[in-house]
Amino acid sequence: RSMNVFLIVYLCILISKALINTVLKYVWQSEPFRDEPWYNQKTEPERKRNLFLQAFTDFLAFMVLFNYIIPVSMYVTVEMQKFLGSYFLTWDEEMFDEDTGEGPLVNTSDLNEELGQIEYVFTDKTGTLTENNMEFVECCIEGHVYVPHVICNGQILHNCTGIDMIDSSPGGSGKEREELFFRALCLCHTVQVKDDDSVDGLKKNQLSRRSCIYISSSPDEVALVEGIQRLGYTYLRLKDNFMEILNRENNLEKFELLEVLSFDSVRRRMSVIVKSSTGDIFLFCKGADSSIFPRVKEGKIDQIRSRVERNAVEGLRTLCVAYKKLTAEEYSNAQKLLQNAKLALQDREKKLAEVYEKIERDFILLGATAVEDRLQEKAADTIEALQKAGIKVWVLTGDKMETAAATCYACKLFRRNTQILELTTKKIEEQSLHDVLFDLSKTVLRHNGSLTRDTFSGLSTDMQDYGLIIDGAALSLIMKPRQDGSSANYRELFLEICRNCSAVLCCRMAPLQKAQIVKLIKLSKEHPITLAIGDGANDVSMILEAHVGIGIIGKEGRQAARNSDYAIPKFKHLKKMLLVHGHFYYVRISELVQYFFYKNVCFIFPQFLYQFFCGFSQQTLYDTAYLTLYNISFTSLPILLYGLMEQHVSADTLKREPSLYRDVAKNALLRWRAFIYWTFLGVFDAVVFFFGAYFLFENTIVTSNGQMFGNWTFGTLVFTVLVFTVTLKLALDTHYWTWINHFMIWGSLAFYIIFSLLWGGIIWPFLNYQRMYYVFMQMLSSGPAWLGIILLITVSLLPDVLKKVLCRQLWPTATERIQNASRHCREHISEFTPLACLKSPRYRSSDCSNSPARRSNSHSKKMMFTHWRGVDYSVLPSVFGYSNKHCRSSAGYRYSGSGLETSV
Amino acid sequence: KTRKPDNTAFKQQRLPAWQPILTAGTVLPAFFVIGLIFIPIGIGIFVTSNNIREYEIDYTGTEPSSPCNKCLNVSWDSTPPCTCTINFTLEHSFESNVFMYYGLSNFYQNHRRYVKSRDDSQLNGDNGSLLNPSKECEPYRTNEDKPIAPCGAIANSMFNDTLELYRIDNDTRTPITLIKKGIAWWTDKNVKFRNPTGDGNNLTALFQGTTKPVNWPKPVYMLDSEPDNNGFINEDFIVWMRTAALPTFRKLYRLIERKNNLQPTLQAGKYSLDIAYNYPVHSFDGRKRMILSTISWMGGKNPFLGIAYITVGSICFFLGVVLLIIHHKYGNRNTSADIPN
């Protein structure tokens, strides 16, 4: 983006150069002997031309002469770099997921460098942070809790079926309700059954009496149907509009499916209307508690609600189930309404929604289910790394607040010492929105005043950081425009609070609200680069809204992956994608852009200076072939290769030190200061080239046989110095010299020499001028030319080297420190190895002792929860000398996997 | 089919690489080495340059006292040519071969209109271009409906002063032999410039159908009496055709070879320069000079290169010292300190 601004600057430079030269030309020409000396007369038509027309032509001619300062080839190179560079992403083995056989997908290569600039990450919870691999955990019917006791170690044991009742067996009416509940779960879904003989890798259900596979767009439904199967009710199939279920006594029950009121994320519930074999018509509804409870007219609401809330706190996904019995009359009414709505030509959606609203009411609450969705592996590690990298992570989810908060704790978005600020409907009901917002901002800002925000220690334990929880309803209140125009105020206040929170959790969000919040941040006054990551169709709006959209190739179909800019198999891959690939891409592209401007300044500025010595006659300094090929072949490949291969720090270091990401944050390498530095370097070099050659050539003899050189030799000398300097400058900037780099850099210099020898070595029959004939060879035969070339190259490279060394020595950035350290470390590798070995086993053992304990506990949610909170995830001690930290990895890579990533 | 990427070093960006970092430690020796190399080279060049003898006379004649003042406003076709003689004294003898140059100032041979005003294929002996010169030659392309050979502004304005050098020994003028061959690039004379081909070697016949450049007194085939220095391959002509880079330039005119090892080429003493003053430069404020110079391996007198080398070498050395100090003063901080977190 800043590239375009720079281009405008260069365009201005170009135009002003051309203007200056045109004006000077006419000033200089005002004396006739200069304009048209006897030895150099104009043709008749030239003489007759109108003065203004002539001036304009001259202006255009200068524009043409200097147009190379606008690096047109940069666009080509940038595009190529982006396109080819994106292959490295898809090729990355570490980002390949063995389980699904999916690697990362790059749908657009335009945003590669933005990956290194991310300031906000908006992530979905289900399927993104969690695996979206649902497991039925328990159900609660009328306050009685049922747990399929077969769940041990997170695995389903196949040999036992049945239910384990925690509470005492319910009475008669309870029994009836219980059966109804199971049937409801069996019937109220859109699961399809696939027979076992066509297995294609999908989850196979061993438990069923008839083995079959359930397929559904929502994993929750599959989990529920499977869970119910373990509790004795098996859904067999949908045949001729009859749903067949096998009840606990192995009897086949048939229900006629009359109507499906399908799920949508606004209603957050779905219903079916079925007719049992006895002729009763039931409406079964399941959905989020918030959408069910208001519609319930009887049932043990309080008991179920408390159970639901408890489950939510433990991070389980809860659904409530309710039913109502319809009389035939009611049903026909409902059917009529539905029919009308479905046939409506206009506003069908809206009408349908209204009808659903009418039908789905006066429920009798049956119970609730709880489904566990486990965290993805290394989700916590990834989030922690992102936060260390200075990226703000927001979790946007449609789940309940308690569920979401628990997940956030589990994935370390919130730490134990994080002070949670709540901005929820409940709170707003107590106070007014206004007061709540002001209170929160006061809390945040007071803290802020005492501590500077940009201290490096954003994560140290002594610093208080804030987490904000906000729900959809509160958000819409904030976003809602007010009559008195104070909405902007709220919005600002909200943004101010968000900016000071290290983590934000938004729950109960509708898909559009997700996009809304992304937009809000995107358009806030710092214009941060946002990234949205999600897996489901409900994340698409947010993915499209954010600067960079990333889809998880997950279970809820590929819709998100298709609409995203990048798709990755797992959330954990985001870490490498941003911290390593993004960082690399950004460093590469910024150097590429700056270098392109630099080399074109170097190229054209001598041309500009030459105009002062050739009577402003637009005489080119270089031969046409050089002018054409400079950007195309002499200097293009090394920088393109740099743009593909450069690794200023090794990928492992970047992964290990997320804080390095801060070094490139906020477009640090393409700021004006850097741009001006490069431009001035270019101008300086150009002045050195030109005046170096000028003093070398001016009125003296530079050959040992006394013969003289002409203007083309002069230009060739400048050009040779130019090509060498510009290429060597890149060589100085390259930190990662593979054989390809060597080949390209030395190869392009060799190509220049060979080309020049060839270009000047033959009388080219198709050219009508032979001005370059033997010019290059003659130049090489002259001693002073060689000496001059060496001298000028040295002088033009000197300031840059000096600047680099001094900056590194006196004001090193974190990246440079790491570079120094890793270099230091490579030299003294043996010294640190013992230390490294001492450190690593400890990590390993702690990791090992963790995992079995966790597994054995996993059937008891309560315990697991405490376990989550109990284990002290010590932030990896960055305290012990960084040098041995780096050395350890170089000493033994095999430890880094187990040692550095404490997975949950 | 598995989509698993190949585990090659290239695809995983894990190619073995040399990872140099520019630190004070690594750059220090380089600075010292550059300093140590450049300073001696610079001194060498400087000394060589100082040993070169060079003598320069401005014979434009703008000052009233100058003998050439009378010729200041000559035109192209003044016959007989205006002549003038300038006496001068060489303080030091010129030991080795002496090169005689003419120099022009304020003459824009690098003007775009001028530079392109030539036809290289005509000069290369192409018969088609001889009779139909390139359009680039305008307005010096045709004269009285005949094609000009050689066409173009460069050829038209060829330098045509004649310089002769005499040594004055006890009032006797002994002419000094001026060699007019070997002043142009060998490749120019033998490859790039060629006379038109045809039956026989009679240049007059070969240039049939063309006319001389407007400003020339004689046609191109009468530039010299020797056939291998006549027509397009006349060396004075070739030298002129190589356009100079800057408005102040010199061009090689004649060579003075050393006769024997006992005597210097040009002894110290009195000399006189006879000029057939044909070339008008006063109209554009130009200057004309005659330069006598000896040549070393590195060409003529040029103090710039030597001084530049010495300066750059010293700066590098100085920077090396500064960096050494910085390295020592701040070096410890960098190797022991770590990232604050």
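Rules behind the numbers
- Counting of residues starts from 1 at the beginning of each chain's written sequence and follows it residue by residue.
- Just so you know, chain letters begin at A and ligand numbers begin at 1, following the order they were written in.
- For a predicted model such as this one, the threshold for reporting local features is a pLDDT of at least 70, and the threshold for listing and counting side-chain atom pairs is 80 or more; totals across whole chains, interfaces and linings nevertheless cover every residue.
- Each side-chain value is worked out from all heavy atoms of the structure, with water and hydrogens disregarded.
- UniProt positions are given in the numbering used here, feature names are shortened, and annotations may be inferred rather than shown by experiment.
- Working definition: helices are DSSP H or I runs of at least four residues, strands are E runs of at least two. Numbering for both runs from the N terminus.
- Per residue, pLDDT measures the predictor's confidence, with a range of 0 to 100.
- It only takes one pair of heavy atoms within 4.5 Å for two residues to be counted as in contact.
- If DSSP finds at least two bridges between two strands, the strands pair.
- Fitting a line to C-alpha atoms yields each axis, with helices limited to the stretch in contact; the angle taken between N-to-C directions then spans 0 to 180 degrees.
- The span you would expect from a helix comes to 1.5 Å times its residue count less one.
- One axis is fitted to the seven residues ending at the residue and one to the seven starting there. The bend at that residue is the angle between these axes.
- When a residue's accessible area, from a 1.4 Å probe over protein chains only, is under 20% of the maximum for its type it is buried; when over 50% it is exposed; and in between it is partly exposed.
- Between 30 and 60 degrees the pair is tilted, below 30 it is stacked and above 60 it is edge-to-face, where a pair is any two Phe, Tyr or Trp rings, Trp via its six-membered ring, whose centres lie within 6.5 Å.
- Polar contact is defined as a pair of N or O atoms within 3.5 Å, subject to the rule that within protein one atom must be able to donate a hydrogen and the other to accept it, and that residues adjacent in sequence are counted only when both atoms are side-chain atoms.

As annotated in an unreviewed UniProt entry, chain B carries the name Cell cycle control protein 50A and comes from Dromas ardeola. What UniProt states about chain B under its Sequence similarities (unreviewed entry) heading is, verbatim, "Belongs to the CDC50/LEM3 family."

An unreviewed UniProt entry lists chain A under the name Phospholipid-transporting ATPase, with Dromas ardeola given as the organism. You can read under Catalytic activity (unreviewed entry) in the UniProt record for chain A the words "ATP + H2O + phospholipidSide 1 = ADP + phosphate + phospholipidSide 2." What the UniProt record of chain A gives under Sequence similarities (unreviewed entry) is the line "Belongs to the cation transport ATPase (P-type) (TC 3.A.3) family. Type IV subfamily."

Undergrad: Before we move on, can you summarise the UniProt feature "transmembrane region" (unreviewed entry) in chain B with the specific residues and values?
TA: Residue and element names in this part refer to chain B. UniProt marks residues 21-47 and 304-326 with the feature "transmembrane region" (unreviewed entry), using the numbering shown here. Along residues 21-47 one finds 89% helix and 0% strand; the C-alpha atoms at either end are 38 Å apart. In residues 304-326, the share of helix is 100% and the share of strand is 0%. The end C-alpha atoms are 32 Å apart.

Undergrad: Explain the confidence of the model for chain A to me, using residue names and the numbers behind them.
TA: As a note on interpretation, predicted positions should not be read in detail where pLDDT is low. Residues and elements named next belong to chain A. Of the residues in chain A, 81% have a pLDDT of 70 or more, and the chain-wide mean is 77. Element-level mean pLDDT values for chain A span from 36 in helix 35 (residues 893-900) up to 94 in helix 27 (residues 711-733). Here residues 449-462 is a poorly scored stretch, pLDDT under 50, and it has 14 contacts once near neighbours within four places are set aside; other chains count. For the stretch residues 829-904, pLDDT sits under 50, and the model shows 92 contacts to residues farther than four places along the chain or on other chains.

Undergrad: Got a sec to walk through the UniProt feature "domain: P-type ATPase C-terminal" (unreviewed entry) in chain A? Specific residues and values, please.
TA: What UniProt calls "domain: P-type ATPase C-terminal" (unreviewed entry) maps, in this numbering, to residues 561-813 of chain A. What you have in residues 561-813 of chain A is 69% helix and 1% strand, and the ends, taken at the C-alpha atoms, are 37 Å apart.

Undergrad: Could you give an account of the sheet that holds strand 2 (residues 82-90) of chain B, with specific residues and numbers?
TA: Residues and elements named next belong to chain B. Spatially, the four strands line up as an open sheet ordered 2-9-6-7, and their pairing is antiparallel. The sheet is open, and its two edges are formed by strand 2 and strand 7 (172-175), each paired on a single side. Between one strand axis and the next, the sheet turns by 30 degrees as a mean value, whatever way the strands run. Note that strand 6 (residues 162-169) and strand 9 (residues 269-277) share seven bridges and pair antiparallel. Residue pairing in the sheet places Thr162 in a bridge with Ala276 of strand 9.

Undergrad: Kindly report on helix 22 (residues 573-611) of chain A, identifying the contributing residues and their values.
TA: Structural remark: α-helix, 3.6 residues per turn; residues separated by three or four positions point the same way. Residues and elements named next belong to chain A. Compared with the 57 Å implied by 1.5 Å per residue over 39 residues, the 55 Å span of helix 22 between its first and last C-alpha is a close match. Along its length, helix 22 reaches its greatest deviation from straightness, about 30 degrees, at Gly582. Across the 39 residues that make up helix 22, a large majority, 39, are buried.

Undergrad: So what's going on with the pairing of strand 3 (residues 98-105) of chain B? Which residues, and what values?
TA: As a general feature of sheets, a regular strand has side chains that alternate between the two faces. Residues and elements named next belong to chain B. Extensive coverage of strand 3 is indicated by the burial of eight of its eight residues. On strand 3, burial covers both faces: Val98, Met100, Tyr102 and Leu104 on one face and Phe99, Tyr101, Gly103 and Ser105 on the other are all buried. Looking at chain direction, strand 3 and strand 10 (residues 287-294) are connected through eight bridges and run antiparallel. Residue pairing across strands places Tyr101 opposite Ile291, the latter belonging to strand 10.

Undergrad: Give me the lowdown on the packing of aromatic side chains, citing residues and values where you can.
TA: According to the stated counting rule, one finds 92 aromatic pairs over all chains in the structure shown. Between Trp38 of chain A and Tyr279 of chain B, the aromatic rings sit 5.2 Å apart at their centres with planes inclined by 75 degrees, giving edge-to-face as the arrangement. In this pair, Trp38 of chain A is assigned in the loop between helix 2 (32-35) and helix 3 (44-48) and Tyr279 of chain B in the loop between strand 9 and strand 10, connecting two distinct chains. Tyr279 of chain B carries the same exposure label as Trp38 of chain A, and that label is buried. Ring geometry for Phe697 of chain A and Phe709 of chain A: centres 6.0 Å apart, planes at 35 degrees, overall tilted. A residue pair is termed long-range when its members are at least 10 positions apart, and Phe697 of chain A in helix 26 (residues 672-697) and Phe709 of chain A in the loop between helix 26 and helix 27 qualify at 12 residues.

Undergrad: Kindly report on the side chain of Ser617 of chain A, identifying the contributing residues and their values.
TA: Relative to the assigned elements, Ser617 of chain A resides in the loop between helix 22 and helix 23 (624-634). Assessed through its relative accessible area of 1%, Ser617 of chain A is described here as buried. At 2.8 Å, the side chain of Ser617 of chain A forms a polar contact with the backbone oxygen of Cys614 of chain A. Those residues in contact with Ser617 of chain A, other than ones at most four positions away along the chain, are Lys25 and Gln611 of chain A together with Asn110, His111 and Arg112 of chain B.

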